[in-house]
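What follows is each chain in one-letter form.
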Amino acid sequence: MIEEAERISAAASAGKVPAKLVGGAAVNLHCSSARQAPLKRKYGDLDFVASSKQRQAVQKLFESLGYQGDRRFNTLNGDQRLLYLDGVNGRQIDVFIDRMKMCHVIELANRLGHDGPTLTPADLLLSKLQVYEVNMKDLVDTIALLLDHPIADHDDDAMNAAYLARLTSEDWGLYRTLQINIERVRGAATELAVDAGRVNQRLDQLWERIEMQPKPLKWKLRARIGDRISWYQLPEEVRQPYQRD
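Quick summary incoming for the structure in this document. (Residues numbered from 1 in each chain as written. Predicted model: local features only at pLDDT ≥ 70, side-chain atom pairs only at ≥ 80, totals over all residues. Heavy atoms only, no water.)

1. What to know about the side chain of R176
Let me state the cut-off plainly: Runs of E in the DSSP output that reach at least two residues are strands. Runs of H or I that reach at least four are helices, and both are numbered from the N terminus. What qualifies as a polar contact is a pair of N or O atoms within 3.5 Å, subject to a donor-acceptor requirement within protein and to the restriction that residues adjacent in sequence count only when both atoms come from side chains. Residues are treated as being in contact if the distance between any of their heavy atoms lies within 4.5 Å.
Looking at the element boundaries, R176 is found in helix α8 (residues 172-191). Reaching out from R176, the side chain makes a polar contact with the side chain of Q179 at a distance of 2.8 Å. Ignoring any residue separated from it by four or fewer positions in sequence, one finds R176 in contact with D227 and W231.

2. Here we look at empty space enclosed by the protein
Here is the rule: Throughout, the protein atoms alone are placed on a 1 Å grid, and a set of points is a cavity if a 1.4 Å probe fits but cannot get out or a pocket if it is open with protein on both sides within 12 Å along at least five of seven lines; lining residues have an atom within 4 Å of a point. Grid points are joined across faces, edges and corners, and a volume is the space filled by probe spheres set on the points.
With the rule as written, the count across this model stands at one cavity of 30 Å³ or more. Here the largest cavity is characterised by a volume of approximately 30 Å³. Taken together, V22, M100, I106, L108, L119, D123, L126 and S127 make up the lining of the largest cavity.

3. Re the pattern of salt bridges
Definition in use: Any Lys or Arg side-chain nitrogen located within 4 Å of an Asp or Glu carboxyl oxygen qualifies as a salt bridge. Here the term buried applies to any residue with accessible area under 20% of the maximum for its type, exposed to any over 50%, and partly exposed to those in between, with areas from a 1.4 Å probe on protein chains only.
Tallied over the entire structure, the rule returns 16 salt bridges. Its salt-bridge partner being R111, residue D155 comes within 3.0 Å of it at the nearest N-O pair. You can see D155 sitting in the loop between β8 (151-152) and β9 (159-160) and its partner R111 sitting in the loop between β7 (105-107) and α5 (121-129), a full 44 residues away along the chain. Residue D155 is classed as partly exposed on the basis of its relative accessible area, which comes to 27%.

4. A word on the sheet that holds strand β5 (residues 91-97)
To keep it simple, the criterion reads: Strands qualify as paired when DSSP identifies two bridges or more between them. The axes used here are C-alpha line fits, helices contributing only the stretch in contact, and every angle between their N-to-C directions lies in the interval 0 to 180 degrees.
Taken in spatial order, the five strands line up as β1-β2-β5-β4-β3 in an open sheet, and their pairing is mixed. Two strands in the sheet have a free side with no partner beyond their single neighbour: β1 (20-22) and β3 (68-69). Across six bridges, strand β4 (residues 81-86) lies against β5 in antiparallel orientation. Paired with L82 across the two strands is V95, which belongs to β5. Here helix α3 (residues 55-64) sits on the sheet and contacts β2 (46-50), β4 and β5; the angle it forms with β4, its principal contact strand, is near 10 degrees.

5. Brief notes about the packing of aromatic side chains
For clarity, the cut-off: We call Phe, Tyr and Trp rings a pair once their centres come within 6.5 Å, taking the six-membered ring for Trp, and we label the pair stacked below 30 degrees between planes, edge-to-face above 60, and tilted otherwise. Only when the NZ atom of a Lys or the CZ atom of an Arg is both within 6 Å of the ring centre and within 35 degrees of the ring normal do we say a charge sits over the ring.
If you walk through the whole model with that rule in mind, you get nine aromatic pairs. Between Y132 and Y232, the aromatic rings sit 4.1 Å apart at their centres with planes inclined by 15 degrees, giving stacked as the arrangement. Here Y132, found in the loop between α5 and α6 (136-148), pairs with Y232, found in the segment after α10 (217-225); they are 100 residues apart in sequence, far enough to count as distant. Residue Y232 is classed as partly exposed on the basis of its relative accessible area, which comes to 23%. Clustering of aromatic rings is evident, with ring pairs tying together F48, F62, Y67 and Y84. Above the ring of W219, the side-chain terminus of K215 is found at 5.3 Å from the ring centroid.

6. Considerations on the environment of G78
Turning to its location among the elements, G78 is positioned in the loop between α4 (71-77) and β4. A C-alpha to C-alpha distance of 42 Å links G78 and D195, two positions 117 residues apart in sequence. Look past the residues within four positions of G78 in its chain and what remains in contact with it is R55, F73 and I97.

7. Some details on the packing of α5 against helix α7 (residues 161-170)
The description of two helices packed together rests on the angle between their axes and the distance between the axes. Stated precisely, the cut-off is as follows: Roughly parallel means an angle under 35 degrees; roughly antiparallel means over 145; roughly perpendicular covers 65 to 115; every other angle is labelled oblique. Handedness of a crossing is defined here by the sense of rotation of the near helix relative to the far one, left-handed for an anticlockwise turn of less than a right angle and right-handed for a clockwise turn.
The interhelical angle for the contact between α5 and α7, taken along N-to-C directions, is 40 degrees, at an axis separation of 9 Å. One way to sum up the angle between α5 and α7 is to call them oblique. In this structure, α5 meets α7 at a crossing whose hand is right-handed. Of α7, the residues touching α5 (which contributes A122, D123, L125 and L126) are Y163, L164 and L167.

8. So, the environment of L83
As for its position among the elements, L83 is in strand β4. When its relative accessible area of 0% is taken as the criterion, L83 is described as buried. Along the primary structure L83 and Y163 are separated by 80 residues, whereas in three dimensions their C-alpha atoms are 29 Å apart.

9. Describing α7
What sets the pattern is the α-helix's 3.6 residues per turn: residues three or four places apart point alike. Of all 10 residues in α7, seven are buried, a share of seventy percent or more. Residues of α7 that are buried include every one of A161, Y163, L164, A165, L167, T168 and S169, and no others. For α7, the capping residue at the N-terminal end is N160, with a side-chain oxygen 3.2 Å from the backbone nitrogen of A162.

Laid out in structure tokens, this is it:
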């Protein structure tokens, strides 16, 4: 799957199509720690994010690489998400359009212009920690991101804390989900043979930056309600019968 991710990303780059890899395979390409035990793991499918302005180019890209669009799904959902299948090799490609909508909505249309095959480290972190029912794969990938990227206020091979602080100051629900999942990351780091001290130090730095960010009145009012009202949605998986984990 990693070789396939590299093939698609190379074709996207050559065709100047800003389709950025996201998910576990993206973490693997971005983090050397993800390619070594105990954080090395297998990957099931591939996910990309692309701009709605480039939808036709994205469609042509995947068709040229041997993928067939799921016509019914793409007709119904093409403004938000596209699905491509490779029945011969049993592969599935999900393409999120402009935003990643899982437990929360992360707007990404303006986050795709940088060099490189993947989303930025901060956006990769969000793709993992915005999921309320986070699993061990997500925690393992998050630990790899934290081990390999310092906390900073930019996206230049670093975890952009300023960006994350701004997003969480605009959305109490996202703030709360990250708060819960960061504690889960800490717990997982202590169970794995990794540098838990570095992970915790960077989480401390990140969370301090998030807490320092001024919060508007709307955010503060929602915080008063807290967990009494649900603040997240559960994502719906779209998987084909042959899809393998």
